[in-house]
Amino acid sequence: MTTRYIFKKAKKISHQFSRDDRAVVKALCCKIKTAQGELLQAAEKNMLKCIQICKGMCCKNLDIDSIFSQWDFIFILSLLPHLQDDMEKRLESHLFLFYADCPFLKDKDGPCMFPSGVKAQICIITFCGDDKFLKKSIKKVNYLFFKLSLLVFFLRMKSILDNLFSIFIQKQCK
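(A) Local environment of the overall build of the protein. Counting secondary structure elements, the protein contains 7 helices and 0 strands. Secondary structure elements in the protein, listed N-terminal to C-terminal, are α-α-α-α-α-α-α. C-alpha atoms of the protein, sized along the principal axes, occupy 70 × 35 × 25 Å. Partitioning the intrachain contacts of the protein with sequence separation of at least 6 by distance along the chain shows that 80% fall at a separation of at least 24. As displayed, the protein has an accessible area near 11100 Å², and 60% of this comes from carbon and sulfur atoms. Here the protein carries 29 positive and 17 negative side-chain charges, and the mean point of each set is 5 Å from the other.

Right under this line is the structure:
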(Lines give C-alpha, C1' and ligand atoms only; values in the text may rest on other atoms or scores of the structure.)
Protein backbone atom coordinates (compact mmCIF):
# COMPACT_ATOMS: atom_id res chain seq x y z
CA MET A 1 0.00 0.00 0.00
CA THR A 2 1.26 3.44 -0.81
CA THR A 3 1.45 6.27 1.65
CA ARG A 4 -1.20 8.11 -0.36
CA TYR A 5 -3.63 5.21 0.11
CA ILE A 6 -2.79 4.90 3.82
CA PHE A 7 -3.40 8.63 4.28
CA LYS A 8 -6.81 8.44 2.58
CA LYS A 9 -7.75 5.45 4.70
CA ALA A 10 -6.66 7.22 7.91
CA LYS A 11 -8.61 10.32 6.87
CA LYS A 12 -11.73 8.23 6.26
CA ILE A 13 -11.39 6.45 9.61
CA SER A 14 -10.83 9.75 11.42
CA HIS A 15 -13.98 11.22 9.88
CA GLN A 16 -16.05 8.19 10.90
CA PHE A 17 -15.38 8.58 14.62
CA SER A 18 -18.28 9.76 16.71
CA ARG A 19 -17.74 12.93 18.73
CA ASP A 20 -17.11 10.89 21.89
CA ASP A 21 -14.76 8.47 20.12
CA ARG A 22 -12.89 11.39 18.56
CA ALA A 23 -12.36 12.84 22.05
CA VAL A 24 -10.97 9.52 23.33
CA VAL A 25 -8.61 9.24 20.34
CA LYS A 26 -7.47 12.83 20.75
CA ALA A 27 -6.78 12.28 24.47
CA LEU A 28 -4.51 9.32 23.63
CA CYS A 29 -2.86 11.36 20.88
CA CYS A 30 -2.12 14.08 23.44
CA LYS A 31 -0.38 11.42 25.56
CA ILE A 32 1.68 10.42 22.52
CA LYS A 33 2.58 14.06 21.94
CA THR A 34 3.72 14.37 25.57
CA ALA A 35 5.80 11.18 25.27
CA GLN A 36 7.36 12.49 22.04
CA GLY A 37 8.22 15.75 23.81
CA GLU A 38 9.85 13.83 26.67
CA LEU A 39 11.82 11.75 24.16
CA LEU A 40 13.02 14.84 22.32
CA GLN A 41 14.03 16.45 25.58
CA ALA A 42 16.03 13.36 26.57
CA ALA A 43 17.56 13.22 23.08
CA GLU A 44 18.74 16.83 23.03
CA LYS A 45 22.35 15.89 22.15
CA ASN A 46 21.20 13.54 19.40
CA MET A 47 18.94 16.22 17.96
CA LEU A 48 21.75 18.78 17.93
CA LYS A 49 23.84 16.30 15.96
CA CYS A 50 20.91 15.77 13.61
CA ILE A 51 20.48 19.49 13.02
CA GLN A 52 24.12 20.58 12.93
CA ILE A 53 25.96 17.63 11.40
CA CYS A 54 23.46 15.47 9.54
CA LYS A 55 21.16 18.38 8.59
CA GLY A 56 18.14 16.10 8.42
CA MET A 57 19.76 13.66 6.00
CA CYS A 58 17.31 10.92 7.06
CA CYS A 59 14.47 13.00 5.54
CA LYS A 60 16.18 12.99 2.15
CA ASN A 61 16.05 10.30 -0.49
CA LEU A 62 13.85 7.93 1.51
CA ASP A 63 11.22 5.29 0.95
CA ILE A 64 8.26 7.13 2.42
CA ASP A 65 6.07 4.03 2.26
CA SER A 66 8.23 2.46 4.97
CA ILE A 67 8.01 5.54 7.22
CA PHE A 68 4.35 6.55 7.59
CA SER A 69 1.61 4.27 8.88
CA GLN A 70 -2.12 4.67 9.21
CA TRP A 71 -1.62 5.32 12.95
CA ASP A 72 0.78 8.17 12.22
CA PHE A 73 -1.77 9.88 10.05
CA ILE A 74 -4.61 9.33 12.55
CA PHE A 75 -2.31 10.79 15.23
CA ILE A 76 -1.39 13.82 13.14
CA LEU A 77 -4.92 14.44 11.86
CA SER A 78 -6.33 14.19 15.40
CA LEU A 79 -4.00 16.90 16.68
CA LEU A 80 -3.57 18.99 13.53
CA PRO A 81 -6.75 18.63 11.44
CA HIS A 82 -6.07 21.98 9.73
CA LEU A 83 -3.10 20.37 7.92
CA GLN A 84 -5.24 17.74 6.19
CA ASP A 85 -5.59 19.54 2.84
CA ASP A 86 -1.91 20.51 2.72
CA MET A 87 -0.86 16.93 3.53
CA GLU A 88 -3.15 15.58 0.84
CA LYS A 89 -1.77 17.99 -1.79
CA ARG A 90 1.80 17.09 -0.89
CA LEU A 91 1.07 13.38 -1.19
CA GLU A 92 -0.76 13.83 -4.49
CA SER A 93 2.25 15.54 -6.04
CA HIS A 94 4.81 13.16 -4.50
CA LEU A 95 6.51 10.65 -6.82
CA PHE A 96 6.38 7.19 -5.29
CA LEU A 97 8.29 5.34 -7.98
CA PHE A 98 11.69 6.46 -6.76
CA TYR A 99 13.25 7.35 -3.45
CA ALA A 100 12.62 11.03 -2.89
CA ASP A 101 12.76 13.64 -0.16
CA CYS A 102 9.96 13.52 2.40
CA PRO A 103 6.95 15.39 0.99
CA PHE A 104 6.33 16.93 4.41
CA LEU A 105 9.47 19.08 4.36
CA LYS A 106 8.70 22.78 4.23
CA ASP A 107 9.64 24.24 0.84
CA LYS A 108 10.75 20.72 -0.16
CA ASP A 109 13.96 21.32 1.78
CA GLY A 110 13.08 21.40 5.45
CA PRO A 111 12.48 21.57 8.28
CA CYS A 112 9.52 19.26 8.83
CA MET A 113 6.09 20.84 8.49
CA PHE A 114 4.91 18.98 11.59
CA PRO A 115 5.69 20.66 14.90
CA SER A 116 7.85 19.12 17.58
CA GLY A 117 5.98 16.35 19.38
CA VAL A 118 3.69 15.59 16.45
CA LYS A 119 5.84 13.40 14.24
CA ALA A 120 5.42 9.99 12.66
CA GLN A 121 6.47 7.15 14.95
CA ILE A 122 9.52 6.12 12.88
CA CYS A 123 10.66 9.74 12.55
CA ILE A 124 10.57 10.39 16.29
CA ILE A 125 12.18 7.16 17.51
CA THR A 126 15.02 6.96 14.99
CA PHE A 127 18.37 8.48 15.87
CA CYS A 128 21.78 8.07 14.36
CA GLY A 129 24.43 7.38 16.94
CA ASP A 130 24.07 6.09 20.47
CA ASP A 131 20.45 5.88 21.62
CA LYS A 132 20.87 3.35 24.45
CA PHE A 133 19.95 5.95 27.05
CA LEU A 134 16.73 6.67 25.15
CA LYS A 135 15.37 3.12 25.16
CA LYS A 136 12.80 3.78 27.90
CA SER A 137 11.46 6.90 26.17
CA ILE A 138 11.39 5.14 22.80
CA LYS A 139 9.49 2.18 24.31
CA LYS A 140 6.92 4.56 25.78
CA VAL A 141 6.27 6.21 22.40
CA ASN A 142 6.05 2.80 20.70
CA TYR A 143 3.68 1.51 23.39
CA LEU A 144 1.37 4.50 23.00
CA PHE A 145 1.27 4.11 19.20
CA PHE A 146 0.42 0.43 19.73
CA LYS A 147 -2.31 1.49 22.14
CA LEU A 148 -3.63 3.91 19.49
CA SER A 149 -3.80 1.10 16.91
CA LEU A 150 -5.76 -1.08 19.36
CA LEU A 151 -8.08 1.78 20.29
CA VAL A 152 -8.87 2.53 16.64
CA PHE A 153 -9.45 -1.19 15.98
CA PHE A 154 -11.88 -1.49 18.89
CA LEU A 155 -13.69 1.73 18.01
CA ARG A 156 -14.16 0.51 14.44
CA MET A 157 -15.42 -2.87 15.67
CA LYS A 158 -17.80 -1.09 18.06
CA SER A 159 -19.12 0.97 15.17
CA ILE A 160 -19.64 -2.12 13.00
CA LEU A 161 -21.41 -3.95 15.82
CA ASP A 162 -23.61 -0.92 16.51
CA ASN A 163 -24.59 -0.81 12.83
CA LEU A 164 -25.32 -4.54 12.76
CA PHE A 165 -27.34 -4.26 15.94
CA SER A 166 -29.41 -1.40 14.53
CA ILE A 167 -30.09 -3.43 11.35
CA PHE A 168 -31.10 -6.41 13.48
CA ILE A 169 -33.45 -4.24 15.58
CA GLN A 170 -35.00 -2.71 12.45
CA LYS A 171 -35.72 -6.18 11.01
CA GLN A 172 -37.23 -7.30 14.32
CA CYS A 173 -39.57 -4.30 14.37
CA LYS A 174 -40.96 -4.94 10.88
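(B) Geometry of the nonpolar core. The biggest cluster of nonpolar side chains holds 46 residues, and the ones touching the most others in it are F68, F73, F75, M87, F104, F114 and L148. Looking at this core, the elements with two or more residues in it are α1 (3-16), α2 (19-42), α4 (70-79), α5 (84-93), α6 (121-125) and α7 (135-173). Per-element tally for this core: the top contributor is α7, with 8 residues. Dropping the residues within four chain positions of it, F68 is found in contact with T3, I6, F73, I76, C102, F104, F114 and A120.

(C) Fine view of α5. Residues Q84, M87, E88, R90 and L91 constitute the buried set of α5. Down the axis of α5, the buried set is contained in an arc of 165°. They therefore lie on one face. When the buried face of α5 is taken as reference, the exposed residues oriented beyond 90 degrees from it are D85, K89 and S93. Buried residues in α5 make contact with α1 and α4.

(D) Spotlight on the side chain of Q36. Residue position: Q36 is located in helix α2. On the basis of relative accessibility, which here comes to 0%, the residue Q36 falls in the buried class. Here the side chain of Q36 touches K119 through a polar contact of 2.9 Å, landing on its backbone oxygen.

(E) Up close: the environment of S18. Note that S18 resides in the loop between α1 and α2. Placed 137 residues apart in sequence, S18 and L155 show a C-alpha to C-alpha distance of 9.3 Å.

(F) A look at the environment of L39. Residue position: L39 is located in helix α2. Here the alpha-carbon distance between L39 and K132, two residues 93 residues apart in the chain, equals 12 Å.

(G) Molecular detail of a nonpolar patch on the surface. A cluster of nonpolar side chains, Y143, F146, L150, F153, F154, M157, I160, L161, L164 and I167, forms an exposed patch at the surface whose accessible area comes to about 980 Å². Tracing the backbone through its elements, the reader meets M157 in helix α7.

(H) Local environment of the packing of aromatic side chains. A complete count under the given rule lists 7 aromatic pairs for this structure. The interplanar angle of 70° and the centroid separation of 5.4 Å between the aromatic rings of F153 and F154 together place this pair among those described as edge-to-face. For F153, a relative accessible area of 42% gives the class partly exposed. Within the aromatic cluster, the residues linked to one another by ring pairs are F7, F68, F73, F104 and F114.

Cut-offs and rules
- Residues numbered from 1 in each chain as written.
- Predicted model: local features only at pLDDT ≥ 70, side-chain atom pairs only at ≥ 80, totals over all residues.
- Heavy atoms only, no water.
- Helix = DSSP H or I, 4+ residues; strand = E, 2+ residues; numbered from the N terminus.
- Contact = heavy atoms within 4.5 Å.
- Areas by Shrake-Rupley, 256 points an atom, 1.4 Å probe, with all protein chains shown as cover.
- Lys, Arg positive; Asp, Glu negative; His and termini not counted.
- Charge placed at Lys NZ, Arg CZ, Asp CG, Glu CD.
- Core = buried A, V, L, I, M, F, W, Y, C linked by side-chain atoms within 4.5 Å.
- Buried < 20%, exposed > 50% of the residue type's maximum accessible area, 1.4 Å probe, protein only.
- Arc of directions from axis to C-beta.
- Polar contact = N/O pair within 3.5 Å; in protein donor to acceptor, adjacent residues only side chain to side chain.
- Patch = residues over 30% accessible without salt bridge, like charges linked within 9 Å, V, L, I, M, F, W, Y side chains within 5 Å.
- Salt bridge = Lys/Arg side-chain N within 4 Å of Asp/Glu carboxyl O.
- Phe/Tyr/Trp six-rings, centres within 6.5 Å; stacked < 30°, edge-to-face > 60°.

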